[in-house]
Structure formats: structure tokens, C-alpha cells
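# Fold and geometry: a report
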Amino acid sequence: MLAPSRDETVKNKATLRRVSDTQLEITRVFRAPPRLVFDAWTKPELVSRWWAPASRGVTLVECRADVRVGGTYRYVLQRTPEEQYAFSGTYQELSPPGRLVYTQCLEPFPDPAVLTVTFGELSGGFTLMTSQETYPSKDALDMAIGNGMEDGMAETLDQLDALVSS
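Below you will find a few notes about this structure. Here the structure is a predicted model, which means the values were calculated and not measured.

Attention now moves to the packing of helix α2 (residues 34-42) against helix α5 (residues 149-164). Remark: α2 packs on α5, axes separated minimally by 10 Å, with the N-to-C direction vectors making an angle of 125°. Regarding the angle of α2 to α5, the classification is oblique. For the pair α2 and α5, the crossing hand works out as right-handed. Two secondary-structure elements touch here, α2 through L36, V37, A40 and W41 and α5 through L157, L160, L163 and V164. Tallied by class, the residues present in the contact of α2 with α5 amount to eight nonpolar, no polar and no charged.

Right, here's the structure in full:
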């Protein structure tokens, strides 16, 4: 495979594509090898450095994860003490550094999405991340998109790229 040119990686942005009424596909190239991107995706001490969209005044006030099949995670974003958003789920499959499958729900909604994230190696030490997200219903996916998911996700993935490429 060819490595992206320097100009392409500087301009690299996450792409979000609705595949069906209940499925999204998100892709992004990172300027680091899959091992580093996988670690930053799964280790709480690294997740806490990129998972909250900084420009929105949001901080990650809780970041815990038991990264093993059957293990759980919980991340809590906070803008103000009264405005918190908790995301939690269970790890279903771990194949470091290439694949991760887990559930994710925005608490208190009980029905989780299932995320299958792959970290493919590109030449030049780059990683192609692809996230296939399957939501429990069209309404759940519409709500996620309607709540600004795309902009927040793009910013956090830019933050992840800055972290892993440094």
C-alpha cells in the first residue's frame, strides 16, 4: 500500500458515511502504526488525553476500562457539574492491534450500539482506522447524529492523531 503524502495527512479528516438506517462507517488515517493507535484507543491513561472535544469546553471526568473480553468501560464527559454525559459498554472481542468489538450506550438509554473498529497498517507507519457502528434502531442513530456526533467525533479523532503522532 502507498503511504499518504504529507499534504494528504495534514488535510486528513474523518469521514462519516451512513451505510443503512442503523449503520455508520467512520474512517480516518492516523500518522502512527496500528499498535500505538490501538493502545491510545484502549488504555484509560491515553483515552483521557483525547476523548473529550476540547473546543467545546468538555472534560473527561471519569475514564475507566477493563480491556478484556467481557470487561467493561465507562467514560463521563462534563461541560458543567449539571451537564454530564456517560458512555459505557462491554468489550466483546479483542485482537490487538488490529480489531476491537465493543458495545456503547449513552446512559441512561439501555440499548447499545455495537462498534467494530479495525486498525489497518498502511505503509510508512500509518494506520487506517475503520469503525462500523450498528445502532439498535433508526431513531437511535438519528439521535446520535442529531446531537452533534459528527463534529465532536471529528475533533476527538484529530486530537487522537496529534497524540499518537507526537
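The structure having been displayed, the exposition proceeds.
Quick look at the packing of aromatic side chains now. Per the counting criterion, the structure on display carries nine aromatic pairs. Considering the side-chain rings of F38 and F119, the 5.7 Å spacing of their centres and the 80° angle between planes classify their relative orientation as edge-to-face. Taken together, the residues F38 in helix α2 and F119 in strand β7 (residues 113-122) connect sequence positions 81 residues apart. In this structure F38 comes out as buried when scored by relative accessible area, which is 5%. Taking relative accessible area as the criterion, F119 reaches 4% and is therefore assigned buried. Relative to W50, the ring of W41 has its centre 5.4 Å away and its plane inclined at 40°; by these criteria the two rings are tilted. For the residue pair W41 and W50, the accessibility class agrees, reading buried in each case.

Cut-offs applied
- Residues numbered from 1 in each chain as written.
- Predicted model: local features only at pLDDT ≥ 70, side-chain atom pairs only at ≥ 80, totals over all residues.
- Heavy atoms only, no water.
- Axes fitted to C-alpha atoms, helices over the stretch in contact; angles between N-to-C directions.
- Helix = DSSP H or I, 4+ residues; strand = E, 2+ residues; numbered from the N terminus.
- Parallel < 35°, antiparallel > 145°, perpendicular 65-115°, else oblique.
- Left-handed = near helix turned anticlockwise from the far one by under 90°.
- Contact = heavy atoms within 4.5 Å.
- Nonpolar A, V, L, I, M, F, W, Y, C, P; charged D, E, K, R; others polar.
- Phe/Tyr/Trp six-rings, centres within 6.5 Å; stacked < 30°, edge-to-face > 60°.
- Buried < 20%, exposed > 50% of the residue type's maximum accessible area, 1.4 Å probe, protein only.

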